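# Structural overview
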Amino acid sequence: MSDTSAPQRLPLRQVWPETQAAHYRAAGYWRGETFPGFLRVRAAAHPDAIAVVGGAVRWTYAQLWAEAERIAAGLLAQGLAPGDRVVVQLGNVPEFIAMVCALFRAQLVPVYALPAHRLTEVAHFARKAEASAYVCAEKYEGFDYRTLARELQREVPAVRHVYVVGDGAEFVSVAALDGDRAALPGDPDPQSVAFLQISGGSTGLSKLIPRTHDDYIYSFRASNDICGIDRDSVYLVALPAAHNFPMSSPGFFGALYAGARVVLSPGPGPDVAFPLIARERVTCVGLVPPLALLWADAAGKTAHDLSSLRVVQVGGAKLVPEAARRVIAGLGCTLQQVFGMAEGLVNYTRLDDPHEVVIQTQGRPISPDDEVLIVDDHGAPVPEGGTGHLLTRGPYTIRAYHNDPAANARSFTDDGWYRTGDMVLRTAEGNLVVQGRATDHINRAGEKISAEEIEDHLLAHPQVFDAAVVSIPDDFLGERSCAFVIPGEVRPRPAELKAWVRGRGLAGFKVPDQIVFVDAFGTTAVGKVSRRELRAQLRARFLAEQGA
Ligand code: AMP
Ligand code: DBH
């Protein structure tokens, strides 16, 4: 099978120091389980239990596994080979879960894109991951992804295969895939990279996060205990399923690991989700703060029976205490705050924590071996209770991004700590409180936007002399993005600049919410301060003017 003309690909690796790895195994965190391994075991143990509900589909565990094997065999018959990377861009549909399980079964490596991503992002993922295939929906939320597939193949010809859920047009439809089950490989090495997750990207484009079977399975198995997920649970995926939060904290993978039921909501709003909660007797759901507030408000007015809901998790962005109170009052169930990151570390308030802890903090790490270090600007540990930069290491936190030496040099210390970019304090009981962040990104309702990435796109406009993008507090979104623009000779209209950014093939959530034209960035700013200070000055001046 070796093709000498095949281009050399960067191997996928995620390696912890051997002493650490030995400890993580001895402590029972890494158990040598794999995705295809546990899915096969669940299908055999309770074949007739419902695994996945979405649209008209109700798959049992046996059916989910059969679907995964059919698609896996089909992909290998198409010429894909174990180790190949596959960008997957599907919405909250059962086919997303079947496809990801199929890729694991065939030892192909999913690279997760969000439905909101467009050509610029998808092409970036495909290039960085050296992907040979792309999986998309025919249409999702009104967008035809086959158009994107055509553009992607033009831009990244190495993406030789396209598979479509729905009408494939000139591409292969996922429904038509089939092949010889006997050609399927055995189970992978539990230490191997199972998939590439996407980081929010604080500087420039998103980074790719290689997660191993052992480390990721540990994170959601342990999350199940903390979040009360067992075989009787019904977990609702309301946020985009490719997000790390609804995927693994405990997410749909946690639910599948427990033998529970996963229900996919095609949208995050109460209008779509509430009827599903009532019909399927949903017990647990993960939300971002603005949605949680929307749900809390709608719960008081709905005719749908939400009494099955036991735990509402809120994370992805800071939930302030007053909002936490409203969520509890409105939904009348247990609130769990979740502070996590696709790079690893996840913190939870515990279901039996005192009320004030749940309201005031973002919880504590999953693992006794999650190491947390809080340091000042010079790297010195801050006194207990003080605010500083959060660094972390542990049994499910990565040591390096894929194919990105510059980002690795920035984001990891020499002794393997991940610099989260978050500013936190730790309370006397050990709970973390997120106080802000050190990096310039906008956390727009849980979607992270890199200021630098958007500035680059604005600067490409012929009538933009300079641009600085900052986060502005927003009552609904938590933060919105505001672009300060020094125009060229002709001042473009704000709508024109927004259309420009969109036209660069970017996810809609990255288009600046607001554009403010300024003549200059201030005399003190010119050439004397960093972009970071400049952004801070612009934000402060703008907020002062708004207040006045
Ligand atoms: P990412 O690295 O793209 O997965 O994004 C993770 C980041 O989201 C964290 O480093 C935090 O900045 C932010 N985040 C996630 N959950 C919370 C939370 N509960 N409160 C505040 N910030 C959060
Ligand atoms: O924001 C995140 O990335 C996030 C939030 C909550 C996350 O990755 C997670 C839980 O696992």
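Below or above, wherever it landed, is the structure these notes cover.

Definitions and cut-offs
Residues numbered from 1 in each chain as written. Chains lettered and ligands numbered in written order. Predicted model: local features only at pLDDT ≥ 70, side-chain atom pairs only at ≥ 80, totals over all residues. Heavy atoms only, no water. Buried < 20%, exposed > 50% of the residue type's maximum accessible area, 1.4 Å probe, protein only. Helix = DSSP H or I, 4+ residues; strand = E, 2+ residues; numbered from the N terminus. Pairing = 2+ DSSP bridges. Disulfide = S-S within 2.5 Å. Axes fitted to C-alpha atoms, helices over the stretch in contact; angles between N-to-C directions. Phe/Tyr/Trp six-rings, centres within 6.5 Å; stacked < 30°, edge-to-face > 60°.

## Looking at the pairing of strand β5 (residues 133-137)
Counting buried positions along β5 gives five out of five residues, so the element sits mostly inside the fold. As paired strands, strand β3 (residues 85-89) and β5 are joined by four bridges and run parallel to one another. Within β5, the position partnered with valine 87 by the bridge is tyrosine 134. Sheet topology places β5 next to strand β8 (residues 161-165); five bridges connect them, and they run parallel. Residue valine 135 lies in a different strand from β8, and its bridge partner there is tyrosine 163.

## Section: the state of the cysteines
In this structure the tally under the stated criterion is zero disulfides. Between cysteine 136, a cysteine without a disulfide, and cysteine 101, which holds the nearest cysteine sulfur, the sulfur-to-sulfur distance is 19 Å. Cysteine 227 provides the cysteine sulfur closest to cysteine 284, a residue in no disulfide bond, and the two sulfurs are 6.2 Å apart. Cysteine 284 sits in the buried class, given a relative accessible area of 1%.

## Brief notes about the sheet that holds strand β19 (residues 371-375)
The sheet built from four strands is open, its strands ordered β19-β20-β21-β22 with antiparallel pairing. Every other strand in the sheet has two partners, leaving β19 and β22 (432-437) as the edge strands with one partner each. Adjacent strand axes in the sheet meet at a mean angle of 45° when their direction is disregarded. Strand direction decides the pairing type here: β19 and strand β20 (residues 388-393), joined by five bridges, are antiparallel. Residue pairing in the sheet places valine 372 in a bridge with threonine 392 of β20.

## Some remarks on the packing of aromatic side chains
Any aromatic ring pair is given by two values, namely how distant the centres are and how the planes are angled relative to each other. In this structure the tally under the stated criterion is 28 aromatic pairs. Measuring from ring centre to ring centre gives 6.3 Å for phenylalanine 35 and phenylalanine 195, while their planes differ by 75°; the resulting arrangement is edge-to-face. With phenylalanine 35 in helix α2 (residues 35-45) and phenylalanine 195 in strand β10 (residues 193-198), the pair connects residues that are 160 residues apart, well separated along the chain. Pair check on accessibility: phenylalanine 35 and phenylalanine 195 agree, each one buried. Residues phenylalanine 484 and phenylalanine 542 carry aromatic rings whose centres are separated by 5.6 Å and whose planes lie at 75° to one another, so their mutual orientation is edge-to-face. Within this pair, whereas phenylalanine 484 is found in strand β26 (residues 478-487), its partner phenylalanine 542 is found in helix α17 (residues 531-547), the two being separated by 58 residues in sequence.

Treat this as a map of the structure, not an account of what it does.
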